[in-house]
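The chain contents come next:
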Amino acid sequence: MWPFNRKGVSGFSGSSTAEQVTHGIDATGFTAIVTGASSGIGVETTRVLALHGLHVIMAVRNMGAAKDVKEAIVKEIPSAKIDVMELDLSSIASVKKFASEFISSGLPLNILINNAGVMACPFMLSKDNIEQQFATNHLGHFLLTHLLLDTMKKTAHESNKEGRIVNVSSEAHRFAYSEGIRFGKINEQSSYSNWRAYGQSKLANILHANELAKRLKDDGVNITANSLHPGAIVTKLYRHTSAINGIVNAVGRLVMKNAQQGAATTCYVALHPQVKGVSGEYFSDSNLCKTTSHGKDADLAKKLWDFSIDLIKEK
């Protein structure tokens, strides 16, 4: 399926790999944080960023798996500069601890890739009593970005280099609840739909990037914020849906992207010169793409921002 995709305006397509879309780019001296870097496309994103000279911080829940990934990448790329730090996005305390430790390290931060996520899990509440998908996919990343923003602003100012914030969303945002974000029913179990809740969290990723882009522009800060759909990829994300997981394992490799293709749009938005100055946009297959009307709703984005600020203040 993917080899026959037509190239878009960028010159890339759904069959392009992360290495192909970043060919020839030198990002030596840059520092990036990648959440969920120990599995799926997070691994390939980390590897390709390291390949281009970035110092990559793997922000992960599974420290053992992350250390194995780091060892494998360093074995392949001896010059790779990678560190592993613990981060559980479903825990506000963990996000605050991670941010505090990173800031204390004194490292700069050029690129923040909000990649980690859970998909279509059964109803459950996070440690902070927030629906798990909304807590992990959106709120944890919202708080992480909020806490690291001053460091990114300082880095952008001192280096005179554009900072980039990348939210890995999904085309599943098209299947969110009819109202988009159920502000008054985030934790309502009786009407919970695992797939619509997933779509809601992915819509939130888009709205977060859009509102953040607006605020950064209004402040005259040299940082962009964008969101993207990585594509349908063979990963462990489908583990909570047994029927789909079975199909993915059986035929996924014939009709879905591999990790190298799945990480392409993330790496493109994070590094490519074509994206310089582009902010508040949504990408797919390393090209600009349109969202739903909810995904372009500025009032909804502002409401989500205020709602999220209130949630993290309460904890």
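Look above for the structure.
First things first, this report covers the structure right here in the doc. (Residues numbered from 1 in each chain as written. Predicted model: local features only at pLDDT ≥ 70, side-chain atom pairs only at ≥ 80, totals over all residues. Heavy atoms only, no water.)

## Details of the packing of aromatic side chains
- Taken as a whole, this structure holds 7 aromatic pairs when the rule is applied.
- For the pair Phe-123 and Tyr-192, a centre-to-centre distance of 5.1 Å together with 75 degrees between the ring planes defines the contact as edge-to-face. You can see Phe-123 sitting in the loop between strand S4 (111-114) and helix H5 (132-159) and its partner Tyr-192 sitting in the loop between strand S5 (163-168) and helix H6 (194-218), a full 69 residues away along the chain.
- The exposure class assigned to Tyr-192 is buried, which follows from its relative accessible area of 16%.
- An aromatic cluster of at least three residues, connected via ring pairs, comprises Phe-12, Tyr-268 and Phe-283.
- Between Arg-182 and the ring centre of Tyr-177, over which it is positioned, the NZ or CZ distance is 3.9 Å. (Phe/Tyr/Trp six-rings, centres within 6.5 Å; stacked < 30°, edge-to-face > 60°. Helix = DSSP H or I, 4+ residues; strand = E, 2+ residues; numbered from the N terminus. Buried < 20%, exposed > 50% of the residue type's maximum accessible area, 1.4 Å probe, protein only. Lys NZ or Arg CZ within 6 Å of the ring centre and 35° of its normal.)

## A closer look at empty space enclosed by the protein
- In total, this model carries 1 cavity of 30 Å³ or more according to the counting rule given.
- Counted as a void, the largest cavity has a volume near 60 Å³.
- Lining the largest cavity, in full, are Leu-89, Ser-90, Ile-92, Val-95, Ser-126, Asp-128, Ile-130, Ala-135, Leu-139, Gly-140, Leu-143 and Ile-312.
- If you list the elements that add at least two residues to the lining of the largest cavity, you get helix H4 (92-105) and H5.
- The element best represented in the lining of the largest cavity is H5, accounting for 4 residues.
- Residues belonging to the lining of the largest cavity are distributed by class as follows: 8 nonpolar, 3 polar and 1 charged. (1 Å grid on protein atoms, 1.4 Å probe; cavity = no way out; pocket = protein on both sides within 12 Å on 5 of 7 lines; lining within 4 Å. Points joined across faces, edges and corners; volume = space filled by probe spheres on them. Nonpolar A, V, L, I, M, F, W, Y, C, P; charged D, E, K, R; others polar.)

## Here's the deal with the pattern of salt bridges
- On inspection of all chains with the given rule, the structure shows 11 salt bridges.
- Among the salt bridges present, the one from Glu-171 reaches Arg-174, with a minimum N-O distance of 2.8 Å.
- For Glu-171, a relative accessible area of 22% puts it in the partly exposed group.
- Residue classification places Arg-174 among the partly exposed positions, given a relative accessible area of 35%.
- Note that Arg-215 and Glu-211 form a salt bridge whose closest N and O atoms lie 2.8 Å from each other. One end of the pair, Arg-215, and the other, Glu-211, are both in helix H6, 4 residues apart, so they sit about a helical turn from each other. (Salt bridge = Lys/Arg side-chain N within 4 Å of Asp/Glu carboxyl O.)

## Quick notes on the packing of H4 against H5
- Two elements in contact, H4 and H5, have axes whose closest approach is 10 Å; the angle formed by their N-to-C orientations is 20 degrees. Considering the angle they form, H4 stands roughly parallel to H5. The two elements H4 and H5 meet at a crossing, and its hand is right-handed. Contacts between H4 and H5 involve Ile-92, Val-95, Lys-96, Phe-98, Ala-99, Phe-102 and Ile-103 on the former and, on the latter, Leu-139, Gly-140, Leu-143, Leu-144, Leu-147, Leu-148 and Thr-151.
- Among the residues making up the contact of H4 with H5, the classes are represented as 11 nonpolar, 2 polar and 1 charged. (Axes fitted to C-alpha atoms, helices over the stretch in contact; angles between N-to-C directions. Parallel < 35°, antiparallel > 145°, perpendicular 65-115°, else oblique. Left-handed = near helix turned anticlockwise from the far one by under 90°. Contact = heavy atoms within 4.5 Å.)

## Focus: the sheet that holds strand S2 (residues 55-60)
- Pairing in this open sheet of 8 strands is mixed, and the strands run S3-S2-S1-S4-S5-S6-S7-S8 from one edge to the other. Where the open sheet ends on each side, the last strands, each with one partner, are strand S3 (81-86) and strand S8 (287-289). Averaged over all pairs of adjacent strands, the angle between their axes in this sheet comes to 25 degrees, without regard to strand direction.
- Of the strand pairs in this sheet, S4 and S5 are connected by 4 bridges, and their pairing is parallel. Note on S5: the bridge partner recorded for Ile-113 is Val-166.
- In the packing of helix H3 (residues 63-76) onto the sheet, contacts are made with S2 and S3, and the angle to S3 comes to roughly 180 degrees.
- Packing of H5 onto the sheet brings it into contact with strand S1 (31-35), S4, S5 and strand S6 (223-229), and relative to S4 it is tilted by some 165 degrees. (Pairing = 2+ DSSP bridges.)

## Topic: the layout of surface pockets
- If you add up the space inside the second largest pocket, you get close to 260 Å³.
- If you go around the second largest pocket, you meet 13 residues; those closest to its centre are Phe-30, Glu-162, Arg-164, Leu-271 and Pro-273.
- For the lining of the second largest pocket, the class distribution of residues is 7 nonpolar, 1 polar and 5 charged.

## Observations concerning helix H2 (residues 40-51)
- With 12 residues, H2 should reach 16 Å at 1.5 Å per residue; the first-to-last C-alpha distance of 18 Å fits that figure.
- Along H2, 9 of the 12 residues are buried, which leaves the element largely enclosed by surrounding structure.
- Of the positions making up H2, those classed as buried are Ile-41, Gly-42, Glu-44, Thr-45, Thr-46, Arg-47, Val-48, Leu-49 and Ala-50.
- Gly-53 sits one or two positions beyond H2 and adopts a positive phi of about 95 degrees. (Expected span 1.5 Å × (residues − 1).)

## Notes on the pairing of S1
- With 5 of 5 residues buried, S1 is to be regarded as a mostly interior element.
- Here S1 shows a buried face lined by Thr-31, Ile-33 and Thr-35 and a second buried face lined by Ala-32 and Val-34.
- With 5 bridges connecting them, S1 and S2 associate as parallel partners. Within S2, the residue paired with Thr-31 across the bridge is His-55.
- The parallel pair S1 and S2, bridged by H2, forms a crossover whose chirality is right-handed. (Right-handed = clockwise from strand over helix to strand, strands pointing away.)

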